[in-house]
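Below are the chains, spelled out letter by letter.
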Amino acid sequence: MAGTWIFVEQRDGNIRKVTFEMLSEAKKFGDEVAAVVFGKGVEALAPEFAKYGADKVYVVEDDVFANYNTGAYVAQMVAMINEFKPNAVLFAHTFNGRDFASRLAQKLQLGLATDAIKVEVSAGKGVFTRAIYAGKALAKVEVAGEPVLGTIRPGVCEVGNTAGAGAVVKPAVAATAADVYQTVKSFVPTVSARPELTEADVVVSGGRGCKGPDGIKLVEQLADLLGAAVGGSRASIDSGWLGHELQVGQTGKVVNPNLYVAAGISGAIQHLAGMSSSKFIAAINTDTEAPIFNVSDFGVVADLFKVIPTLVSELKK
Ligand SMILES: Cc1cc2nc3c(=O)[nH]c(=O)nc-3n(C[C@H](O)[C@H](O)[C@H](O)COP(=O)(O)OP(=O)(O)OC[C@H]3O[C@@H](n4cnc5c(N)ncnc54)[C@H](O)[C@@H]3O)c2cc1C
């Protein structure tokens, strides 16, 4: 058996922090830990994974892996799992991680635990803790079959400093161009000086209560003073006030910051699904009955158009 594998999320050599979180967490299981990285020119990244616990780094380089694509990535991973037989393969609970892990589980007819906030893997058995009912209860899920497959929510595991040997292994390339059924034609990054939403320490989100771009500007002002990422509810995204990449919730991104500020957001269950595990939640809402207050540590029942400017002027002092 080949221990626990962590699938590396990277783009153009920029590694997502959640990769290091998962490597550090897997190091605690006591089994061998391996990072699995697909791409082009990615072998140079191997020492980075060793720093956070990777005993081995499986490096697969080919044009076919230049950008994430489901078909080729799944075909490659299936071949590697059959050859090396890992106990567990863990992915980040991100758009790509969710897509990859679920297609892989289907292909191998294995169970999959998603959006885990805690994970224990031992001797080929995996137990995952998941928040259910928008964080009102926790479920422990055991995944049958090997390897154990799971996706881990970014921000829930600490980055440690136990290093591994980082021995590079280069498996044969098993995927071909025939496995690629969607191609990334171009990649246009959203230019923002703000932190990435899923990795930010502080997130300030605006909802329908912002009433339009002027309200969202207030949210952005507050976020910038706090060094925070900006997020939004589906209502503010669908209204076109914020980009789709900033939606927090069931059909958006899952965030887990130290501080989440919800301004003019009611707290629908689909929104809570994306933010209720934040460590400290502060809400600004005019409605005392708004469900967001049920999950908040701190609440202000007031008009955000009065509260945020006051906060902004205090923070500027
Ligand atoms: C399948 C499905 C998936 C979904 N996925 C998501 C998702 O991923 N993310 C998501 O967010 N939603 C999602 N939704 C939508 C969700 O159900 C809600 O409709 C949405 O979250 C509501 O957004 P909101 O809280 O901004 O708006 P509202 O529910 O309209 O709430 C606006 C809030 O602003 C308050 N307010 C108004 N004026 C002010 C003011 N001046 N100052 C302060 N507060 C004020 C109001 O009291 C109210 O509580 C999904 C729905 C479905 C069916």
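Before any of the text, the structure's been laid out above.
In this text the structure is predicted, and so the values were computed from the model without any measurement.

(A) Layout of the packing of aromatic side chains. Applying the stated criterion to the full structure yields 16 aromatic pairs. Each ring, one from Phe7 and one from Phe38, has its centre 5.5 Å from the other, and the planes form 75°; the classification is edge-to-face. Of this pair, Phe7 sits in strand β1 (residues 4-7) while Phe38 sits in strand β4 (residues 33-39), placing them 31 residues apart in sequence. Both residues of the pair, Phe7 and Phe38, count as buried.

(B) The arrangement of the sheet that holds strand β11 (residues 167-169) in detail. Strand order in this open sheet of nine strands is β9-β8-β7-β10-β6-β1-β4-β5-β11, and the pairing throughout is mixed. Two strands close off the open sheet at either side, each with one partner strand: β9 (137-143) and β11. On average, each strand axis in the sheet is tilted by 30° relative to the strand beside it, whichever way the strands run. As paired elements, strand β8 (residues 125-132) and β9 share seven bridges and run antiparallel to each other. From the neighbouring strand, Val127 faces β9, where its bridge partner is Glu142. Sheet strands touched by helix α1 (residues 17-27): β1, β4, β6 (88-92), β7 (112-122) and β10 (148-152). Its angle to β1, the strand with the most contacts, is close to 175°.

(C) Looking closely at the pattern of salt bridges. One pass over the structure, following the stated rule, counts 15 salt bridges. Here Lys170 makes a salt bridge to Glu43, at a shortest N to O gap of 2.6 Å. Separated by 127 residues along the polypeptide, Lys170 in the loop between β11 and β12 (202-206) and Glu43 in the loop between β4 and α2 (46-51) bring together distant segments of the chain. Where Glu314 meets Lys317, a salt bridge forms, and the shortest distance between an N and an O atom there is 2.8 Å. Classification of Glu314 by relative accessible area gives partly exposed; the value is 45%. By sharing partners, the salt bridges in this structure join Glu9, Arg16, Glu196 and Lys253 into a single network.

(D) Up close: the site of the ligand. In the neighbourhood of the ligand, 27 residues make up the surrounding shell, with Arg208, Ser233, Thr251, Ser266 and Asn285 lying closest. In this structure, Thr251 approaches the ligand through a side-chain N or O atom, which is 2.6 Å from a nitrogen atom. Expressed as a share of its isolated accessible area of 990 Å², the protein-covered part of the ligand is 76%. Mapped onto the shell around the ligand, the elements with two or more residues apiece are α6 (234-238), α7 (269-272), β15 (280-285) and α8 (304-316). For the shell around the ligand, a count of residues per class yields eight nonpolar, 14 polar and five charged.

(E) Main features of helix α4 (residues 95-108). Across its 14 residues, α4 extends 20 Å between first and last C-alpha, which sits within 8% of the 20 Å expected from 1.5 Å per residue. When we look at burial in α4, the residues that qualify are Gly97, Phe100, Ala101, Leu104 and Ala105. In a view along the axis of α4, the buried residues occupy a sector of 125°, so they form one face of it. Residues Gln106 and Lys107 are exposed on α4 and point more than 90 degrees away from its buried face. Gln109, located one to two residues past α4, shows a positive phi value of around 55°.

Rules and cut-offs
Residues numbered from 1 in each chain as written. Predicted model: local features only at pLDDT ≥ 70, side-chain atom pairs only at ≥ 80, totals over all residues. Heavy atoms only, no water. Phe/Tyr/Trp six-rings, centres within 6.5 Å; stacked < 30°, edge-to-face > 60°. Helix = DSSP H or I, 4+ residues; strand = E, 2+ residues; numbered from the N terminus. Buried < 20%, exposed > 50% of the residue type's maximum accessible area, 1.4 Å probe, protein only. Pairing = 2+ DSSP bridges. Axes fitted to C-alpha atoms, helices over the stretch in contact; angles between N-to-C directions. Contact = heavy atoms within 4.5 Å. Salt bridge = Lys/Arg side-chain N within 4 Å of Asp/Glu carboxyl O. Near = heavy atom within 4 Å. Polar contact = N/O pair within 3.5 Å; in protein donor to acceptor, adjacent residues only side chain to side chain. Areas by Shrake-Rupley, 256 points an atom, 1.4 Å probe, with all protein chains shown as cover. Nonpolar A, V, L, I, M, F, W, Y, C, P; charged D, E, K, R; others polar. Expected span 1.5 Å × (residues − 1). Arc of directions from axis to C-beta.

These values are about where atoms sit, not about what they do.
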